[in-house]
Amino acid sequence: MDFPVFHLDILGNRGLIAVIATLHVLVNHGLAVGMMPLVAAMEWYGHRRGDARWDRLAYRILFVCFLITTTVGALTGVGIWLSVSLVNPYSIGSLIRVFFWAWFVEWLVFITEVLLILAYTLTWKRWSTGAAKVRHIRLGFALAFFSWVTMAIIVSILGFMMDPGNWLSQQTLWSGFANPIYLPQLAFRTPLAAAMAGVIAMFLVPFFVKREDPFRATALRAIAVWTLVAAPLVLAGGLWYFSVVPEAMRENFGVALASLAFAEWQQRFLEIAALTVIAILVVVQVAIARPNLLPRVALLVPFVAILWMTGHFERVREFVRKPYVIGSYMYANGFRVEDYPLLQRDGVLAYATYSNPLTPAEQAGLPQGLSEAERTARLAEIQLGKDVFMTTCSRCHTGHGVNAVTAHLKRMFGDRPWEPELTAGYIESMHDAQPYMPPFPGNRRELKLLGAYLHHLQTNDAPVPGAQQAGVVVVTPEARAAAATGRPPATRAAAMPRTSETAAR
Amino acid sequence: MSPTTPVPHDIPLPMPAPEPLLVAVLIVFFLMHIVFVNLMVGGALMSLYYELRGLKEKRYDRLAYEIAATITANKSIAVVLGVGPLLAINTLYTVYFYTANALTGAFWIAIVPLVIVAFVLTYVHKYLWHQMERVRWLHIAVAAAACLLFLFIPLIFLTNVNLMLFPDKWGSVQGFFSALALPNVLPRYAHFILACPAMTGLLLVWLFRRRPEAEIAEMGFSRAELVRLGYRWAFWPTMAQFIVGPIAFFTLPHVASPIGGVIAAFGLSFLLAFALCVVMIREIRGPDGSIGRRFGTTCALMLAVVALMGVGRHLYREAAVAPHRAQVEAKTKDYIRRADEARRAAQARDGAPASVRP
Amino acid sequence: MLAETLSTAGAWLARKPSRLTVLNALLLAGVLAMIGSTELFRFVGGVAVVLCGLAFAGRTARRSMRVGARAHPYDLVVLWAPGAIAIALAAAALMLMAAYPAGSFPHLVGLGLFVIEFAMLALATGESGARDLPAGAA
């Protein structure tokens with residue numbers, strides 16, 4: 001749209017967000033939201049029983065959490081933001097304007113959480129007896145509470161992106177919170193975090209308590225019971241979530257298609273969830289019945305299963321909100337639904353401020369035997385086609401990497417030439433057959449240009465650079481006029497703005 | 001404004017809060033953030049410096065450890081205080097900030113892994129200090145690597161906040177390094193880097209001014225020695241700022257709007273910085289017994305200098321983008337008007353909400 | 001030679017009663033798997049699980065009663081969990097095997113799970129006759 005287009009052609013833009021976000025969810029759920037109550041509970045239990053071993057173990061586990069949450073956890077949290085604002089500035093920019101106060105409050109809670117974890121970790125040794133110890137335990141539970149509140153606020157924003165509920169008509173912050181997916185999501189994530197923390201804690205115990213020490217069995221058994229309590233709640237929360245999703249999807253596209261797509265997702269989710277719960281139960285069972293026989297490697301199984309399930313669960317967010325990025329307000333390509341009539345009439349290029357210059361590598365692969373004039377005209381067309389691609393497709397698709405347009409075209413049309421008419425015809429009605437795809441936002445001429453670019457991609461497999469690499473060229477009014485009317489541009493500089501003038505700078 | 005200056009349209013949603021409030025959040029929390037960043041970077045650099053000196057004289061090694069112990073808490077606070085200003089700058093300067101981010105995207109996103117690595121290294125440096133005594137060279141290498149990262153990361157931020165101010169450069173930068181080469185980035189960077197030891201010097205004064213005598217003695221220093229050392233770290237870099245600061249100011253690109261307020265803010269902070277230096281030199285030259293008495297005054301003056309810098313910085317930013325922002329606003333309005341028109345036309349034609357292709 | 005190996009194996013098995021229990025469970029599952037009839041597997045396996053489960057439940061209930069009102073819920077969970085999980089998962093394994101054709105991956109997973117869980121159940125039942133709470137549960 002109207003920002004320079006950041007683009008990663010190998011990993012894909014969503015890949016970048018996915019890597020950062022998955023890491024963050026893992027650290028946040030497993031080591032903060034789920035683990036802090038467990039650590040505080042251990043400390044409390046040790047204090048009540050006068051058993052210093054619990055205290056030592058709790059501190060060591062906390063220290064690991066402290067190291068990871070204040071590095072990877074905190075930075076990937078900021079990183080989600082940085083990556084989303086690179087990849088989809090329109091959606092995050094819009095969300096911030098609606099959800100500013102939610103994020104602001106979330107930030108205050110985040111400050112509290114960081115200060116609490118600093119205080120909790122750094123005062124552990126100093127506040128170790130009598131009233132100070134009691135105060136310290138309270139601090140632990142406060143930390144656990146605030147970790148959970150941070151998650152509870154963020155989940156509302158996630159829920160909102162899937163299903164803005166009444167926001168479209170009311171445009172208030174509260175309507176986002178009250179959206180129908182909110183509570184089920186929270187009910188799923190909370191026990192999930194507890195179960196993850198349990199599995200991670202069981203993994204850590206053998207590092208901190210020697211095999212000969214009978215306390216190892218005691219600790220493993222207790223943490224196993226904690227995990228066991230969480231496991232059925234994960235299932236219950238998952239099923240609840242699961243039951244509200246079709247309703248949310250129905251608002252975005254037709255019932256039949258929704259249920260078809262949903263059935264597939266449902267089947268998969270059920271399988272993974274069953275596997276996860278089984279893996280957790282087996283581990284818990286062994287940890288209770290034969291704690292000393294529990295191999296550390298075995299704990300990786302439920303852990304990976306949980307990650308897999310979480311990943312699949314997070315994917316449903318994309319699934320539900322497609323073809324929108326903000327339900328019924330903004331499509332995944334970053335264009336507002338209400339801008340479509342304008343753009344489909346005048347074209348997206350008419351309102352684009354930047355052009356994405358072709359690199360020399362991208363200019364290769366033209367047919368042999370073109371005259372210089374033909375070559376120039378062809379390149380000018382491809383340049384405009386690339387600009388259409390970058391503004392309308394590149395938020396989700398790459399040229400040749402993950403989720404590549406070329407891969408989709410190859411699947412559909414094979415190796416026969418991807419004539420512009422062929423691809424343009426498909427793209428024009430694509431959203432009817434593929435309800436996850438937004439309608440093409442540009443006009444008919446731009447469809448043709450896009451077709452010409454896609455045809456070029458069939459013979460050119462150079463990676464498509466983003467603005468972070470190749471920079472942008474500011475579209476002059478002259479070039480814009482040429483792009484809008486389809487007349488051949490008056491000068492080469494206008495259509496192919498990557499000229500000696502800009503290159504020399 | 002030249003014809004190659006891009007005028008994009010903004011996100012067509014109203015501001016979520018009154019602008020002065022957002023500006024207040026931006027300035028106040030950004031300054032708090034930057035003070036902790038100064039403490040973190042300065043702490044890392046000084047810890048490395050004293051660890052190297054400690055190879056010959058053991059007591060400096062203990063001092064290095066004391067400094068290293070402060071970094072980990074400061075860095076956590078620095079990160080969390082940075083989020084609020086980030087939120088505010090996202091909201092207030094959406095077009096400017098996101099554009100600069102995208103144009104330097106690879107390095108901008110590299111901030112995440114780079115900071116993680118830097119933080120892990122500082123943890124290793126602090127928590128394995130005694131375990132790594134046998135492999136001193138490795139321990140020093142860890143500190144040096146962390147320092148290099150800490151020196152590089154601010155450059156990415158500075159490049160971004162500098163690039164965002166100059167829309168006429170957006171069409172000509174290609175990636176991070178060309179944005180780094182814009183005038184004024186490096187003088188501002190020098191200005192920032194010099195502030196790091198200065199702030200950390202004051203932190204040292206604060207740390208050792210009231211510490212129990214026994215602990216001080218254990219380190220092998222006298223209290224006055226440590227406090228004076230802190231003041232010296234604060235004094236000399238601040239003196240250097242009298243040269244670097246004006247260079248940073250005079251290399252600021254010319255802007256069309258009046259910058260009287262900017263000059264006033266920076267001028268006043270110049271005077272206050274002078275007063276600050278006078279107070280510090282009197283502390284340093286004073287007798288051992290009374291050293292540290294004027295610490296409150298010193299901090300108040302430093303705070304005032306920093307606050308005025310923040311205000312001046314904001315006023316300049318506003319002056320730099322104001323004319324362009326007016327154009328962006330006009331264009332956004334025009335865009336919304338056209339979109340509304342087209343939508344009504346489509347509705348009149350089809351009699352249906354026009355969210356699907358005609 | 002063979003006799004020697006057998007006697008060593010026998011001695012190894014006899015050293016801990018749990019080893020024999022596990023071997024018996026393995027043998028039962030092995031025989032059932034070799035017969036190759038899912039129906040039969042389901043029937044015989046099901047009956048075995050029910051019988052073993054009843055024995056476990058009966059003994060553990062008696063044990064819980066012995067601990068009486070003093071018992072903390074935590075101790076009761078530790079008493080009941082291994083067997084109860086084993087019953088549930090063994091049943092789930094049988095269902096999994098019935099739902100998928102023999103030789104398919106889920107069927108094999110079900111088979112493996114059944115073997116593990118049946119052995120766990122047998123062990124839990126064996127141990128539920130003990131007089132004391134398991135070590136560390138107190």
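Definitions and cut-offs
- Residues numbered from 1 in each chain as written.
- Chains lettered and ligands numbered in written order.
- Predicted model: local features only at pLDDT ≥ 70, side-chain atom pairs only at ≥ 80, totals over all residues.
- Heavy atoms only, no water.
- Helix = DSSP H or I, 4+ residues; strand = E, 2+ residues; numbered from the N terminus.
- Buried < 20%, exposed > 50% of the residue type's maximum accessible area, 1.4 Å probe, protein only.
- Areas by Shrake-Rupley, 256 points an atom, 1.4 Å probe, with all protein chains shown as cover.
- Contact = heavy atoms within 4.5 Å.
- Buried area = accessible area lost by both parts, 1.4 Å probe.
- Salt bridge = Lys/Arg side-chain N within 4 Å of Asp/Glu carboxyl O.
- Nonpolar A, V, L, I, M, F, W, Y, C, P; charged D, E, K, R; others polar.
- Polar contact = N/O pair within 3.5 Å; in protein donor to acceptor, adjacent residues only side chain to side chain.
- UniProt positions renumbered as here; feature names shortened; annotations may be inferred.
- Domains from an automatic or database assignment.
- Phe/Tyr/Trp six-rings, centres within 6.5 Å; stacked < 30°, edge-to-face > 60°.
- Axes fitted to C-alpha atoms, helices over the stretch in contact; angles between N-to-C directions.
- Left-handed = near helix turned anticlockwise from the far one by under 90°.
- Patch = residues over 30% accessible without salt bridge, like charges linked within 9 Å, V, L, I, M, F, W, Y side chains within 5 Å.
- Parallel < 35°, antiparallel > 145°, perpendicular 65-115°, else oblique.

An unreviewed UniProt entry annotates chain B as Cytochrome C of Xanthobacter tagetidis.

As recorded in an unreviewed UniProt entry, chain A goes by the name Cytochrome c, listed as coming from Xanthobacter tagetidis.

Draft legend 1. Focus on the overall build of chain A. The secondary structure content of chain A amounts to 21 helices and 4 strands. Put simply, chain A has 505 residues, and 62% of those count as buried. Just so you have it, chain A exposes about 19100 Å², and 65% of that area is on carbon and sulfur atoms.

Draft legend 2. A look at the interface of chain A and chain C. On the chain C side, the residues contacting the 16 residues of chain A number 20 residues. For the pair chain A and chain C, the summed buried area comes to about 1500 Å², and 68% of that belongs to carbon and sulfur atoms. Taken as a group, Arg221, Gln285 and Arg290 of chain A account for 38% of the area that chain A buries against chain C, more than any other trio of residues on that side. Viewed at the interface, chain C and chain A are joined by 1 salt bridge. As a salt-bridge pair, Arg290 of chain A and Glu127 of chain C come within 2.6 Å of each other at their nearest N and O atoms. Among the secondary structure elements, those contributing two or more residues to the side of chain A that touches chain C are α9 (214-252) and α10 (255-289) of chain A. Among the elements that line the side of chain A that touches chain C, the one with the most residues is α10 of chain A, at 9 residues. Grouping the constituent residues of the side of chain A that touches chain C by class yields 10 nonpolar, 2 polar and 4 charged.

Draft legend 3. Looking closely at the interface of chain A and chain B. At the interface, 73 residues of chain A touch 70 residues of chain B. Of the roughly 6300 Å² buried between chain A and chain B, counting both surfaces, carbon and sulfur atoms make up 71%. Contact with chain B buries surface across chain A, with Leu75, Arg97 and Trp107 of chain A losing the most and accounting together for 13% of the total. For the pair chain A and chain B, the number of links is 2 salt bridges. Note that Asp10 of chain B and Arg97 of chain A form a salt bridge whose closest N and O atoms lie 3.3 Å from each other. The tally of links between chain A and chain B comes to 12 residue pairs in polar contact (both at pLDDT 80 or more). Counting residues per element, the ones that place at least two in the side of chain A that touches chain B are α1 (13-33), α3 (52-87), α4 (89-122), α12 (340-346), α16 (420-433), α17 (444-459) and α18 (467-470) of chain A. Here the side of chain A that touches chain B gets 18 residues from one element, more than from any other, and that element is α4 of chain A.

Draft legend 4. Structural detail: the UniProt feature "transmembrane region" (unreviewed entry) in chain A. Residue and element names in this part refer to chain A. Feature annotation in UniProt assigns "transmembrane region" (unreviewed entry) to the following positions: residues 16-40, 61-86, 98-120, 141-162, 182-208, 220-242, 272-288 and 294-313. The span residues 16-40 shows a helical share of 96% and a strand share of 0%, and its end C-alpha atoms are spaced 35 Å apart. Across residues 294-313 one finds 70% helix and 0% strand; the C-alpha atoms that close the span lie 29 Å apart.

Draft legend 5. Broad picture of the UniProt feature "domain: Cytochrome c" (unreviewed entry) in chain A. Mapped onto this numbering, the UniProt entry annotates "domain: Cytochrome c" (unreviewed entry) at residues 380-458 of chain A. Secondary structure content for residues 380-458 of chain A is 65% helix and 0% strand, and the end C-alpha separation is 17 Å.

Draft legend 6. Spotlight on the pattern of salt bridges. In total, this model carries 29 salt bridges over all chains according to the counting rule given. Asp61 of chain B serves as the salt-bridge partner of Lys58 of chain B, at 3.5 Å between the closest nitrogen and oxygen. Note that Lys58 of chain B and Asp61 of chain B are positioned in helix α2 (residues 58-92) at a spacing of 3 residues, about one turn of the helix. With relative accessibility at 45%, the residue Lys58 of chain B sits in the partly exposed group. Salt bridges sharing partners connect three or more residues here, namely Arg336, Glu338 and Asp339 of chain A together with Asp340 and Arg343 of chain B.

Draft legend 7. Expanded view of the side chain of Thr159 of chain B. Residues and elements named next belong to chain B. Its location among the elements puts Thr159 in helix α5 (residues 136-163). For Thr159, a relative accessible area of 0% translates into the label buried. Within polar-contact distance, the side chain of Thr159 engages the backbone oxygen of Leu155 at 2.6 Å. Contacts of Thr159, omitting those with residues within four sequence positions, involve Thr104, Phe176, Ala179, Leu180 and Val185.

Draft legend 8. Quick peek at the domain arrangement of chain B. Residues and elements named next belong to chain B. By domain assignment, chain B separates into domain 1 (9-182) and domain 2 (188-332). Using C-alpha coordinates to define each centre, domain 1 is positioned 18 Å away from domain 2. With 43 residues of domain 1 in contact, the opposing surface of domain 2 contributes 38 residues. Interface area, domain 1 with domain 2, both sides summed: about 3600 Å², of which 73% is carbon and sulfur. For the pair domain 1 and domain 2, the interface holds 2 salt bridges. Here Arg59 makes a salt bridge to Glu225, at a shortest N to O gap of 3.2 Å. For the pair domain 1 and domain 2, the number of links is 13 residue pairs in polar contact (both at pLDDT 80 or more). The greatest single-element share of the side of domain 1 that touches domain 2, amounting to 17 residues, is contributed by helix α1 (residues 19-54). Looking at the side of domain 1 that touches domain 2 residue by residue, the class counts come to 31 nonpolar, 7 polar and 5 charged.

Draft legend 9. Region of the structure containing the packing of aromatic side chains. Summed over all chains, the structure comprises 49 aromatic pairs over all chains. For the ring pair Phe66 of chain A and Tyr123 of chain B, a centre distance of 5.8 Å and an interplane angle of 55 degrees mean the geometry is tilted. With Phe66 of chain A in helix α3 and Tyr123 of chain B in helix α4 (residues 105-127), this residue pair bridges two chains. Here the aromatic rings of Phe188 of chain A and Tyr241 of chain A are separated by 6.5 Å at their centres, their planes lie at 20 degrees, and the arrangement is stacked.

Draft legend 10. Up close: the domain arrangement of chain A. Residue and element names in this part refer to chain A. Each assigned domain of chain A is listed here: domain 1 (13-331) and domain 2 (342-504). Taken together, the contacts link 11 residues of domain 1 with 9 residues of domain 2. For the pair domain 1 and domain 2, the summed buried area comes to about 960 Å², and 60% of that belongs to carbon and sulfur atoms. At the boundary of domain 1 and domain 2, one finds 2 residue pairs in polar contact (both at pLDDT 80 or more). Of all the elements in the fold, those that place two or more residues in the side of domain 1 that touches domain 2 are α1, α3 and α10.

Draft legend 11. Structural view of the UniProt feature "transmembrane region" (unreviewed entry) in chain B. All names here are of chain B. Mapped onto this structure's residue numbering, the UniProt feature "transmembrane region" (unreviewed entry) falls at residues 20-50, 77-99, 105-125, 137-158, 189-208, 229-252, 258-281 and 293-316. End-to-end, the C-alpha atoms of residues 258-281 are 37 Å apart, and along that stretch the chain is 92% helix and 0% strand. With 92% helix and 0% strand, residues 293-316 has its two end C-alpha atoms placed 36 Å apart.

Draft legend 12. Local environment of the environment of Phe440 of chain A. Residue and element names in this part refer to chain A. As for its placement among the helices and strands, Phe440 is situated in the loop between α16 and α17. A relative accessible area of 4% means that Phe440 is categorised as buried. On a C-alpha basis, the gap between Phe440 and Leu23 in space is 33 Å, while along the polypeptide they are 417 residues apart.

Draft legend 13. Fine view of the packing of α3 of chain A against helix α8 (residues 182-208) of chain A. All names here are of chain A. Contact geometry of α3 with α8 gives a least axis separation of 10 Å together with a crossing angle of 115 degrees. Of the two possible hands of crossing, α3 and α8 adopt the one that is right-handed. Within the contact between the two elements, α3 uses Leu57, Arg60, Ile61 and Val64 and α8 uses Ala201, Leu204, Val205 and Phe208. Residue composition of the contact of α3 with α8, grouped by class: 7 nonpolar, no polar and 1 charged.

Draft legend 14. Summary view of a nonpolar patch on the surface. All names here are of chain C. The grouping of Leu20, Leu23, Leu26 and Leu27 at the surface amounts to a nonpolar patch, some 330 Å² of accessible area in total. Counting through the fold element by element, Leu27 comes out in helix α2 (residues 17-35). A residue is classified by how much of its surface remains accessible, and Leu27, at 49% relative accessible area, is partly exposed.

Draft legend 15. The packing of α3 of chain A against α4 of chain A, seen in detail. Residues and elements named next belong to chain A. Relative orientation of the contacting elements α3 and α4 amounts to 165 degrees, with a least axis distance of 12 Å. Looking at the two axes, α3 sits roughly antiparallel to α4. In this structure, α3 crosses over α4, and the sense of that crossing is left-handed. Residue-level inspection shows Tyr59, Leu62, Phe63, Phe66, Thr69, Thr70, Ala74, Trp81, Val84, Ser85, Leu86 and Val87 of α3 in contact with α4, the latter providing Pro89, Ile92, Ile96, Phe110, Ile117, Leu118, Tyr120 and Thr121.

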